[in-house]
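# Reading the structure
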Amino acid sequence: RARRDNPNGHDGMEEYDKTLQFKRTLKRLSQIRGSGTTLVSVYVPGKATALARMTRKIADELGVAGNIKSRETRQRVSDALRSILQKLKSIRVSSIPSNGFALFCGLESGKRNKQALYMLDPPRPIASPIYSCGPEFHLDALMVMVAADPRNSIGFAVIGGEGSLFASMDEGSRPQVLKTTSVRLPKKHAKGGQSAPRFQRQRI
């Protein structure tokens, strides 16, 4: 992960871009809806033992999924679990992210043959393993990680001859305009009276 000790340099921009992309992915996942309890979410802490336990857990859940009465739901859940199980088995112990990782898989309602598998590297450590199967992806644990922290917020103002702009920006987000003002300042010179000849000379 990029360091955060130089927010104005290359590392700071890289961290900003990663956080912004992470938020965009969470927003996209939050908009997906499944048919019944067919969307599978898995959280794995950054430990080899956690990976092994979750792999066994998903294998067991795949066997249990065979008992689901609805044929469509059974097929979708089984397909999602197989994809996740395959992904878990492909991850080497040495490549487990230090913060752990989260997997999301399922077929979006109304979109046939478009099952997607997402793997996210969270910005903070995953505290405990999670397995969830529902009509929506379980995103609460990740949402908390990227919630705006007032200590990481900045405010700024842009003041010009015709007005001003006040805005704030949280870590990993774009600036949010809070208020704008406009002013009309009186001109410094008048074209009439005794100053008219001097004004013309200055303009020429």
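What counts, and at which threshold
- Residues numbered from 1 in each chain as written.
- Predicted model: local features only at pLDDT ≥ 70, side-chain atom pairs only at ≥ 80, totals over all residues.
- Heavy atoms only, no water.
- Pairing = 2+ DSSP bridges.
- Helix = DSSP H or I, 4+ residues; strand = E, 2+ residues; numbered from the N terminus.
- Axes fitted to C-alpha atoms, helices over the stretch in contact; angles between N-to-C directions.
- Contact = heavy atoms within 4.5 Å.
- Core = buried A, V, L, I, M, F, W, Y, C linked by side-chain atoms within 4.5 Å.
- Buried < 20%, exposed > 50% of the residue type's maximum accessible area, 1.4 Å probe, protein only.
- Salt bridge = Lys/Arg side-chain N within 4 Å of Asp/Glu carboxyl O.
- Parallel < 35°, antiparallel > 145°, perpendicular 65-115°, else oblique.
- Left-handed = near helix turned anticlockwise from the far one by under 90°.
- Nonpolar A, V, L, I, M, F, W, Y, C, P; charged D, E, K, R; others polar.
- pLDDT = per-residue confidence, 0-100.

### Topic: the sheet that holds strand β2 (residues 101-107)
In space, the four strands of this open sheet follow the order β3-β2-β1-β4, with antiparallel pairing throughout. What marks the edges here is a single partner per strand, and that holds for β3 (115-120) and β4 (130-134). Taking each pair of neighbouring strands and ignoring which way they run, the sheet shows an average axis angle of 10 degrees. By the bridge criterion, six bridges tie β2 to β3 in an arrangement that is antiparallel. Bridging across to β3, Phe104 finds its partner in Tyr118. Across the face of the sheet, helix α2 (residues 48-65) comes into contact with β1 (39-44), β2 and β4 while running at roughly 160 degrees to β1. Packing against the sheet, helix α3 (residues 71-90) makes contact with β1, β2, β3 and β4, and its axis sits at approximately 150 degrees to β2.

### Focus: the nonpolar core
Residues Val42, Val44, Leu51, Ile58, Ile84, Leu88 and Phe101 are the most contacted members of the largest nonpolar core, which totals 19 residues. Among the secondary structure elements, those contributing two or more residues to this core are β1, α2, α3 and β2. Excluding its chain neighbours within four sequence positions, the residues that come into contact with Leu51 are Val44, Leu88, Ile91, Ile96 and Phe101. Formed by 15 residues, the second largest nonpolar core is a distinct cluster that contains Leu29, Tyr43, Leu120 and Ile126.

### Focus on the environment of Lys89
Topologically, Lys89 is positioned in helix α3. By relative accessible area, which is 62% here, Lys89 ends up exposed. Taking the C-alpha atoms as reference points, Lys89 and Leu51, separated by 38 residues in sequence, lie 8.9 Å from one another.

### Let's talk about the pattern of salt bridges
One pass over the full model with this rule turns up four salt bridges. As a salt-bridge pair, Lys57 and Glu61 come within 2.9 Å of each other at their nearest N and O atoms. Of this pair, Lys57 and Glu61 both sit in helix α2, four residues apart, which is roughly one turn of that helix. A residue is classified by how much of its surface remains accessible, and Glu61, at 18% relative accessible area, is buried. One salt bridge in this structure joins Arg76 and Glu72, with 2.9 Å as the shortest N-O distance. Of the two residues, Arg76 and Glu72 are both situated in helix α3; the distance of four residues between them amounts to about one turn of the helix. Exposure remark for Arg76: the relative accessible area of 10% places this residue in the buried category.

### Points about the environment of Ser164
As for its position among the elements, Ser164 is in strand β6 (residues 163-169). Counting along the chain gives 18 residues from Ser164 to Ser182, while the straight-line C-alpha distance between them is 6.5 Å. Those residues in contact with Ser164 that sit more than four places away from it in its chain are Val158, Ile159, Lys179, Thr180 and Thr181.

### Considerations on the packing of α2 against α3
Between α2 and α3, whose axes approach to 9 Å, the crossing angle comes to 160 degrees. Classified by the angle between their axes, α2 and α3 sit roughly antiparallel to one another. Considering the relative orientation of α2 and α3, their crossing is left-handed. Contact residues: Leu51, Met54, Thr55, Ile58, Ala59, Glu61, Leu62 and Ala65 in α2; Arg74, Val77, Ser78, Leu81, Arg82, Ile84, Leu85, Leu88 and Lys89 in α3. Of the residues assigned to the contact of α2 with α3, the class counts are 11 nonpolar, two polar and four charged.

### Some thoughts on the confidence of the model for the chain
Predicted coordinates in regions of low pLDDT should not be interpreted in detail. Residues at a pLDDT of 70 or more form 74% of the chain, whose mean pLDDT is 81. When mean pLDDT is taken per element in the chain, β1 scores highest with 96 and helix α5 (residues 196-203) scores lowest with 54. For residues 1-9, every residue scores under 50 in pLDDT, and the model assigns this stretch 18 contacts once sequence neighbours within four places are set aside.

### Considering the side chain of Thr25
Along the polypeptide, Thr25 turns up in helix α1 (residues 10-30). Beyond its immediate stretch of four places on either side in the chain, Thr25 contacts Tyr118 and Leu120.

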